[in-house]
Amino acid sequence: MDATYITERIEQLKTNIYNQLHHNTLLKYIEDAKLDEQQLFFLLLPYLNGENWDEDLNTSAVTIAIVHASLDEHDKIDEYEATNKEQQLTVLSGDFYSGRYYQLLAETGNILLIREISKGIAIRCEQQMRVYEKNKLTIREWIHYILTIETELIHKFYSFYEFEKYNNIMTNSLVLLRLQHELLNYQNGQVSTFIQMIQSSVNISESVEKVIAQEVDMLKDELSEYLHSSNLLKDDIKLYIKNQLALVQK
Amino acid sequence: MEKMKLKMLYSDLKQDIDIIEKELEEALNSSSHLIYEASLHLLQAGGKRIRPVFVLISAKFGNYNIDKVKNVAVPLELIHSASLVHDDVIDNSDMRRGQHTVKAQWNNRVAMYTGDYIFARALEYVTKIENKKVHQILAHTMVEIVNGEIIQIEDKFRLNQNLKDYFRRIKRKTALLIESSCELGAIVGECDPKVVNNLKRYGYYVGMSYQIIDDILDFISTDKELGKPAGSDLLQGNITLPILLLQDHSEIKQFIERASQGTVTEQERLDMLEIVRKSDAIKKSMQISNQYLVKALKEVEALPNHPMKKKLRDVALFIGKRKF
């Protein structure tokens, strides 16, 4: 197995997902669902690492990705101006994807997974709402906010199929990728909601850039150490993750 | 007054409806104060709770057990509620049930997360039922409701649509969820399959009539009764039955043209209402609504003898005459 094989499996998963979400009217007016390849990789990680995998697991992985796509669609809605057709259909595409995930699991009769995913969605929504709550949160709490948004649903998937041993690598990797993305955007002059929240939490003497860079370095160190010492992952997988995260080989 | 009449109609179900109300609030409980407040915002503003009522009544035809029945009644109302929270973003509505919508009280993004949260809680709640068929029906309903809304947006301001387009749209928009309320109530009540089908069809016909009446009320009610300007549907480009019956009327055509450009004045809105109210489109729409009600009542007749048959008739007739 090499990076090409991994990429092909991710592409295959993407195709499966797009087949489930195909909707002529939506495709006529709005972009296709946004799928995060890093999240897809971690959904496939147990399979790529040689765990038992069957059609049921494959369907479940597809549904988790669909739920991510659904919630990401709703993140595209403008806070105050959503009256154009594109925004209206974006609201509905999120709802459509949400219905499709439920329909897929209802067809396979996986009621317990529906429950777990629903709990995960509720937890994620609660976190997303923190931005609009008046309580001032600490930097650590904002990191937890990112962590929940990026990883909660994959956590539910792992724990449902007893793949918890992958939690650590998945969580740290996805949080690192998100923070790297936020840092890069910030350095390019883009201020996301997350950055605004971090700005409201840092001391006057600290800079946002420095705070996020510290978190990034810390996570990089942890991940390098983990990939160096862990026997859990196959070497090809380790290499793929290192390349994706741009980690310095120890 | 109208709500009082409806409550009187449900009076012997009051104890169980109170259980549903309590469960609705508990289902939305959250560690986030804001999400709890926003979720309850619409729920506590009232609402007719017709979906849970149809679940309860349908289940009475079988082995009625409120502890089981609530497992569909609660999620159905939550799903309805969540879709309204998102609809208000799509329609840019500031008022619903006489109070500010979630999107107006907070913002669109809060409304999106609130709707998603309510949907999630609804699905979590319904997983107390292990019957795969229940989930298949509900999932199909949810997807079709959204499909109906997508078509509604695509059809906005499009006057060259026919009655079939309209009926297909309102089936998805409203009738399906009422149909599913009756069907799922009957299934969790373990009713005979024939009874399930009669109740399902009753729900469909009543749901169609319900939406037609809703579309009529948008033209004949006052702004105060509606809690929004009369004629809002047409202003937003939704071509409903009364307008389809007037689609050759030149002034209506012009009005739709201007509405699509967002240039309608208040006087033009009032003039449009006057045209619709004076035409026979309202009367014809009522007749079509009544045809659905007649079909609904035939389904009631086909049901086995049961005290709830009268209730189904009364609810259908109330819907046909409702003024809100």
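Before reading on, note that the structure itself is shown above.
These lines cover the structure that appears in this document, whether it is placed above or below. What you see is a predicted model, and the numbers here were worked out from it, not measured in a lab.

**Points about the nonpolar core**
Judged by nonpolar contacts, the single largest core of 204 residues is most densely connected at F41 and I169 of chain A together with Y202 of chain B. With sequence-adjacent residues up to four places away left out, I169 of chain A is seen in contact with F42, L45, L223, Y226, L227, L233 and I241 of chain A.

**A few points about the interface of chain B and chain A**
Each side of the interface is counted separately: chain B has 46 residues, and chain A has 45 residues. Regarding the contact of chain B and chain A, the summed buried area is about 4100 Å², with carbon and sulfur atoms giving 64% of it. Area buried by chain B at its contact with chain A is led by R109, Y113 and I150 of chain B, which between them contribute 16% of it. At the boundary of chain B and chain A, one finds 2 salt bridges. Taking the shortest distance from any N to any O, the salt bridge between K28 of chain A and E154 of chain B comes out at 2.7 Å. Of all elements in the fold, only α3 (33–43), α5 (66–90), α7 (108–126) and α8 (132–154) of chain B reach the threshold of two or more residues within the side of chain B that touches chain A.

**What to know about the environment of S209 of chain B**
All names here are of chain B. With respect to the secondary-structure elements, S209 resides in helix α10 (residues 193–220). With 51 residues separating them in the primary sequence, S209 and S260 have C-alpha atoms 28 Å apart. In this structure, S209 is in contact with S289, Y292, L293 and I319, ignoring residues within four places of it in sequence. A distance of 2.9 Å separates polar atoms of two side chains, one belonging to S209 and the other to S289.

**Some thoughts on a negative patch on the surface**
A cluster of like negative charges, contributed by D2, E8, D235 and D236 of chain A, occupies part of the molecular surface. Within the fold, E8 of chain A resides in helix α1 (residues 3–21).

**With respect to the pattern of salt bridges**
Pairing between side chains of opposite charge can happen when their charged atoms approach one another. All names here are of chain B. Summed over all chains, the structure comprises 38 salt bridges over all chains. Put simply, K103 and D94 hold a salt bridge, and the shortest N to O gap is 3.5 Å. Residue classification places D94 among the partly exposed residues on the basis of a relative accessible area of 41%. Measuring nitrogen to oxygen at the nearest pair gives 3.6 Å for the salt bridge that ties K284 to D280. Three or more residues joined by partner-sharing salt bridges are found here, namely D155, R158, D165 and R169.

**Focus: the packing of aromatic side chains**
One pass over the full model with this rule turns up 18 aromatic pairs over all chains. Ring geometry for Y205 of chain B versus Y292 of chain B: centroids 6.4 Å apart, planes at 35°, classification tilted. Linking Y205 of chain B in helix α10 with Y292 of chain B in helix α16 (residues 281–301), this pair joins segments that are 87 residues apart in sequence. Considered together, Y205 of chain B and Y292 of chain B belong to a single accessibility category, that of buried residues. Clustering of aromatic rings is evident, with ring pairs tying together Y47, W53, F157, Y158, F160, Y161, F163 and Y166 of chain A. Sitting above the plane of the Y125 of chain B ring, K128 of chain B keeps its charged end 3.6 Å from the centroid. Of note, R322 of chain B hangs over the ring of Y210 of chain B, and the distance from its end group to the ring centre comes to 3.8 Å.

**Section: the packing of helix α3 (residues 37–48) of chain A against helix α8 (residues 167–187) of chain A**
Between two packed helices, both the angle of their axes relative to each other and the distance between the axes serve to describe the pair. All names here are of chain A. Across the interface, α3 lies against α8 with an axial gap of 11 Å and an inter-helix angle of 175°. Relative to α8, the element α3 lies roughly antiparallel. Facing Q38, Q39, F42 and L45 of α3, the residues of α8 in contact are I169, M170, S173, L174 and L177. Tallied by class, the residues present in the contact of α3 with α8 amount to 6 nonpolar, 3 polar and no charged.

**Regarding unusual backbone geometry**
When glycine is set aside, most residues are seen to have a negative phi, and most peptide bonds are trans. All names here are of chain B. Despite not being glycine, R49 has its phi angle at roughly 55°, a positive value. Inspection of the secondary structure puts R49 in the loop between α3 and α4 (50–59). Phi at N92 takes a positive value of approximately 55°, unusual for a residue other than glycine. Within the secondary structure, N92 sits in the loop between α5 and β1 (95–96).

**Re the packing of helix α4 (residues 55–75) of chain A against helix α7 (residues 139–160) of chain A**
Residue and element names in this part refer to chain A. It is the contact of α4 with α7, at a shortest axis distance of 10 Å, that shows an interaxial angle of 160°. The angle between α4 and α7 places the two elements in the roughly antiparallel class. The way α4 lies across α7 gives a crossing that is right-handed. Contacts between α4 and α7 pair L57, S60, A61, I64, V67, H68 and L71 from the former with I149, E150, L153, I154 and F157 from the latter. Residues that form the contact of α4 with α7 fall into these classes: 9 nonpolar, 2 polar and 1 charged.

Thresholds, definitions, all that
- Residues numbered from 1 in each chain as written.
- Chains lettered and ligands numbered in written order.
- Predicted model: local features only at pLDDT ≥ 70, side-chain atom pairs only at ≥ 80, totals over all residues.
- Heavy atoms only, no water.
- Core = buried A, V, L, I, M, F, W, Y, C linked by side-chain atoms within 4.5 Å.
- Buried < 20%, exposed > 50% of the residue type's maximum accessible area, 1.4 Å probe, protein only.
- Contact = heavy atoms within 4.5 Å.
- Buried area = accessible area lost by both parts, 1.4 Å probe.
- Salt bridge = Lys/Arg side-chain N within 4 Å of Asp/Glu carboxyl O.
- Helix = DSSP H or I, 4+ residues; strand = E, 2+ residues; numbered from the N terminus.
- Polar contact = N/O pair within 3.5 Å; in protein donor to acceptor, adjacent residues only side chain to side chain.
- Patch = residues over 30% accessible without salt bridge, like charges linked within 9 Å, V, L, I, M, F, W, Y side chains within 5 Å.
- Areas by Shrake-Rupley, 256 points an atom, 1.4 Å probe, with all protein chains shown as cover.
- Lys, Arg positive; Asp, Glu negative; His and termini not counted.
- Charge placed at Lys NZ, Arg CZ, Asp CG, Glu CD.
- Phe/Tyr/Trp six-rings, centres within 6.5 Å; stacked < 30°, edge-to-face > 60°.
- Lys NZ or Arg CZ within 6 Å of the ring centre and 35° of its normal.
- Axes fitted to C-alpha atoms, helices over the stretch in contact; angles between N-to-C directions.
- Parallel < 35°, antiparallel > 145°, perpendicular 65-115°, else oblique.
- Nonpolar A, V, L, I, M, F, W, Y, C, P; charged D, E, K, R; others polar.
- Left-handed = near helix turned anticlockwise from the far one by under 90°.

Shape is all these values report; function is a separate question.
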